[in-house]
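Summary of structural features
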Amino acid sequence: MINAKITNIRPDFALITNWVNAKAKVLDLGCGDGTLLTHLHETLATTGYGIEKDDANWLAALKNGVDVIQMNLEEGLSGFEDQSFDTVILSQTLQAMHNTESIVQEMLRVGREVIVTFPNFGYWRNRMQITFGTMPVSKSLPYQWYDTPNVHLCTINDFDDFCVQHQIQVIERKVITGGQDVHLLPNLMGNLAMYRLRKYSA
Amino acid sequence: MSESNSVGIVKAQVAHFTQPLTLKSGAVLPQYHLTYETYGELNAAKTNAVLICHALSGNHHVAGRYSADDKYPGWWDNLIGPGKPLDTNKFFVIGLNNLGGCHGSSGPSSVDPLTDKPYSATFPVVTVEDWVESQARLLDYLGIDQLAAVIGGSLGGMQALHWNIVYPERVRHAFVIASAPNLTAQNMAFNEVARQAIITDPEFFDGDYYNHGTVPRRGLRIARMLGHITYLSDDVMGEKFGRKLRHGDVKYSFDVEFEMESYLRYQGDKFAGEFDANTYLRMTRALDYFDPALDYDGDLSKALRRAQAKFVVISFTTDWRFSPARSREIVKALLDNALPVKYAEVTSDHGHDAFLMPDPYYHDIMRAYLEQIKV
């Protein structure tokens with residue numbers, strides 16, 4: 001990984017960096033142009049791969065020196081062995097997945113730890129828009145109801161329940177709004193939810 | 001593609017080898033020669049060499065033309081040249097005709113120096129392993145220790161892959177394009193039908209047709225027609241020909257009625273006029289036999305354990321003869337060995353033939369990656 005020096009990194013990327021160990025082997029699902037992987041490599045000397053479906057993103061990731069695999073996440077991670085990565089990351093893609101349940105299970109199969117981030121649908125600004133009778137449109141949910149790729153939006157409370165139901169251990173959870181940590185009423189006040197997960201060991 | 005970024009007029013060269021080559025079958029070639037072409041300049045440190053491995057019907061004439069009025073350029077001319085994705089201003093590109101071929105290297109139709117007659121059917125069956133060995137000797141002959149890259153599509157991709165199993169230290173980057181770790185039964189079945197068409201042609205004479213003054217043209221023609229069907233996708237055939245009639249309406253005959261038939265016959269005739277049947281038999285057998293995992297408990301990951309190159313694996317969505325799923329098997333084996341790999345699945349209508357076409361995304365990938373290679 002050579003090119004791309006990142007100066008203006010997304011706040012969630014900066015926080016993800018805190019949850020990845022130095023020299024970890026990382027798999028980034030929906031890696032886009034490889035910005036996160038490049039950042040992790042430069043700051044933590046990580047290795048690993050990105051997965052990206054879109055041609056233009058794939059090519060941009062290649063140009064950033066990322067080892068990128070072109071495939072559709074909806075088909076699962078069958079090309080990856082159990083527990084073959086230290087950390088598997090899915091950043092702000094969960095809500096656009098059709099096979100949401102199975103991709104989380106697949107991530108937990110392939111990675112010893114999993115990082116998932118998603119926009120919190122329970123954020124008060126979203127609730128306000130619903131209250132006033134329209135679907136939420138914001139910086140973190142920039143789509144109209146008719147053209148959104150987001151098919152499985154959820155709230156922090158929903159995802160907490162999901163983890164309990166699926167025997168997933170939440171190692172850490174972080175909720176942020178505008179780059180700031182949210183501690184009070186996270187499901188109401190938090191815009192972006194970040195989870196660090198692993199399987200409950202029996 | 002304009003001719004301004006062509007490698008221009010090229011000339012084939014021949015390298016003679018007198019050190020015997022023991023083939024995988026156990027047969028020995030006491031001496032042999034390889035016909036090859038090169039484009040660009042080998043740098044002083046000899047770090048910019050790229051080897052192109054050809055597929056079933058390919059040869060050493062990869063780019064450029066033999067004369068100004070040469071009708072067709074080399075078979076991968078759209079990729080190779082000054083300013084093209086594989087830039088000959090940067091790289092020294094080598095194309096060769098594999099052993100057993102019919103375009104200048106030792107093969108069934110070439111003259112056996114021991115008998116002064118064509119080898120004919122006595123030319124041994126050659127394998128991907130034998131080709132890689134002979135290619136390594138060609139590199140020795142050219143004074144090249146390590147390749148900047150080995151590039152191959154289809155059967156050529158198998159050679160590119162195998163390089164990393166037997167000479168991992170001699171490859172820095174490997175491109176395995178529209179290929180597979182072995183052939184499926186269905187895929188081998190197509191090869192068998194093609195061979196049967198040739199072998200049962202009354203003009204084949206057990207492969208000794210050179211001495212009978214015949215050519216098993218019908219067999220070769222049918223073999224090629226069958227091949228062509230499998231290299232195209234249903235969609236592209238539909239788009240190109242559909243049910244279009246040759247003469248406006250049906251004649252209730254077995255002559256050419258549909259455009260598709262005309263195309264297949266044309267391709268078959270063209271091929272039968274320029275390719276050698278004995279070579280065709282051997283090339284398809286090399287495809288059938290290739291199965292590097294076999295020596296490693298059927299585990300391709302184990303077979304690639306010594307590999308150290310960086311890999312680019314590319315497949316094409318409508319390629320059903322060398323499907324994306326087969327390329328993903330290669331990718332998995334590389335991932336299992338934590339090797340650097342970039343895998344692209346190129347959306348194309350052109351079936352297996354897509355790897356020879358200048359699809360923009362495909363060529364952008366080739367260009368972007370090759371630009372990153374330091375020489």
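Note that the structure is predicted; figures quoted are calculated from it, not measured. Think of each chain on its own: its residues are numbered from 1, step by step along the sequence as written. A letter from A marks each chain and a number from 1 marks each ligand, given out in the order of writing. Where local features are concerned, this predicted model is filtered to residues with pLDDT of at least 70; where side-chain atom pairs are given and counted, the filter is 80 or more; whole-chain, interface and lining totals use all residues. Think of the side-chain values as coming from all heavy atoms in the structure, minus any hydrogens and water.

1. Remarks on the overall build of chain A
On a plain count of helices and strands, chain A comes out with 7 helices and 8 strands. For chain A, whose C-alpha radius of gyration is 17 Å, the value lies close to the compact-globule estimate of 17 Å for 202 residues. For chain A, the spread of C-alpha atoms along the three principal axes comes to 50 × 40 × 30 Å. Think of it in three bands: with a 1.4 Å probe and only protein chains considered, a residue is buried below 20% of the maximum accessible area for its type, exposed above 50%, and partly exposed in between. Residue burial in chain A is summarised as follows: out of 202 residues, 50% are buried. The helix count covers DSSP runs of H or I at least four residues long, the strand count covers runs of E at least two residues long, and both are numbered beginning at the N terminus. Two things to know: the radius of gyration comes from C-alpha atoms, and the globule rule equals 2.2 Å times the number of residues to the power 0.38.

2. Comments concerning helix α6 (residues 259-274) of chain B
All names here are of chain B. Relative to the 22 Å expected for 16 residues at 1.5 Å per residue, α6 spans 23 Å between its end C-alpha atoms, a close match to the ideal helical length. Among all positions of α6, only Ser-262, Tyr-263, Leu-264, Gln-267, Gly-268, Phe-271 and Ala-272 are buried. Contacts: residue pairs with any heavy atoms within 4.5 Å of one another. On its buried side, α6 packs onto α4 (217-231), α5 (234-240) and α7 (277-289). Residue count minus one, scaled by 1.5 Å, sets the expected span of a helix.

3. So, the confidence of the model for chain A
Interpreting fine coordinate detail is not advised for predicted regions of low pLDDT. Residue-level confidence of the predictor is what pLDDT reports, using numbers from 0 through 100. In this model, chain A carries an average pLDDT of 93, and 96% of its residues clear a pLDDT of 70 or more. Scored below 50 in pLDDT, residues 1-7 of chain A shows 20 contacts in the model against residues more than four places distant or in partner chains.

4. Structural notes on the pairing of strand β4 (residues 32-39) of chain B
Residues and elements named next belong to chain B. Most of β4 is tucked away, with 7 of its 8 residues classed as buried. At least two bridges found by DSSP between two strands is the condition for calling them paired. Where strand β1 (residues 13-17) meets β4, 5 bridges bridge the pair, whose relative direction is antiparallel. Looking across to β4, one finds that Ala-15 is bridged to Leu-34. Alignment of β4 against strand β8 (residues 92-96), held across 4 bridges, turns out to be antiparallel. Looking across to β8, one finds that Tyr-36 is bridged to Leu-96.

5. As for the packing of helix α1 (residues 11-18) of chain A against helix α2 (residues 35-44) of chain A
Residues and elements named next belong to chain A. Note on geometry: axes are C-alpha line fits, over the in-contact stretch for helices, and angles between N-to-C directions span 0 to 180 degrees. With their axes 10 Å apart at the nearest point, α1 and α2 run at an angle of 45° to one another. Classified by the angle between their axes, α1 and α2 sit oblique to one another. For the crossing formed where α1 meets α2, the hand is right-handed. Counted together, Phe-13, Ile-16 and Thr-17 of α1 and Thr-35, Leu-36, His-39, Leu-40, Thr-43 and Leu-44 of α2 form the full contact between these two elements. Only Asp, Glu, Lys and Arg are considered charged in this grouping, and only Ala, Val, Leu, Ile, Met, Phe, Trp, Tyr, Cys and Pro are considered nonpolar; every other residue, Gly among them, is considered polar. Residues of the contact of α1 with α2, tallied by class, amount to 5 nonpolar, 4 polar and no charged. Here roughly perpendicular refers to angles of 65 to 115 degrees, roughly parallel to angles under 35, roughly antiparallel to angles over 145, and oblique to all remaining angles. Each helix crossing is assigned a hand: it is left-handed if the near helix lies turned anticlockwise from the far helix by less than a right angle, otherwise right-handed if that turn is clockwise.

6. As for a nonpolar patch on the surface
Residues and elements named next belong to chain A. Residues Trp-124, Met-128, Phe-132, Leu-184, Leu-185 and Met-189 make up a contiguous nonpolar surface patch of about 640 Å² in total accessible area. Its place among the elements puts Leu-184 in the loop between β7 (180-181) and α7 (186-189). Assessed through its relative accessible area of 65%, Leu-184 is described here as exposed. Only residues whose relative accessible area exceeds 30% and that take part in no salt bridge are eligible for patches, with like-charged residues grouped when within 9 Å of each other and nonpolar side chains (Val, Leu, Ile, Met, Phe, Trp, Tyr) grouped when within 5 Å. Surface accessibility follows the Shrake-Rupley procedure with a 1.4 Å probe radius. Residue values consider only the protein chains on display as shielding. Salt bridges are counted wherever a side-chain nitrogen of Lys or Arg sits within 4 Å of a carboxyl oxygen of Asp or Glu.

7. Re the pattern of salt bridges
Within the structure shown, the criterion is met by 23 salt bridges over all chains. Asp86(A) is the partner of Arg112(A) in a salt bridge, and the nearest nitrogen-oxygen pair spans 3.0 Å. Within this pair, whereas Arg112(A) is found in strand β5 (residues 111-119), its partner Asp86(A) is found in strand β4 (residues 85-91), the two being separated by 26 residues in sequence. For Asp86(A), a relative accessible area of 26% corresponds to the partly exposed category. Asp77(B) is the partner of Lys84(B) in a salt bridge, and the nearest nitrogen-oxygen pair spans 3.1 Å. For the pair formed by Lys84(B) and Asp77(B), the shared burial category is buried. Among the ionic contacts, a cluster of salt bridges with common partners joins Glu192(B), Arg195(B), Arg285(B) and Asp288(B).

8. Some words on the interface of chain B and chain A
One frequent convention defines the size of an interface as the accessible area lost when the parts assemble. The partner chain A presents 18 residues to the 19 residues of chain B that form the contact. Put simply, buried area is how much 1.4 Å-probe accessible surface two parts lose in total, over both of them, once they are put together. For the pair chain B and chain A, the two sides together bury roughly 1700 Å², of which 58% comes from carbon and sulfur. When the buried surface of chain B facing chain A is broken down by residue, Leu335(B), Lys342(B) and Tyr361(B) rank first, second and third, together holding 34% of it. Between the two partners, chain B and chain A, sit 2 salt bridges. For Lys342(B), the salt bridge goes to Asp67(A), with nearest N and O atoms at 2.9 Å. Among the secondary structure elements, those contributing two or more residues to the side of chain B that touches chain A are α9 (324-336), β14 (341-346) and α10 (360-372) of chain B. Taken together, the residues that form the side of chain B that touches chain A break down as 13 nonpolar, 1 polar and 5 charged.

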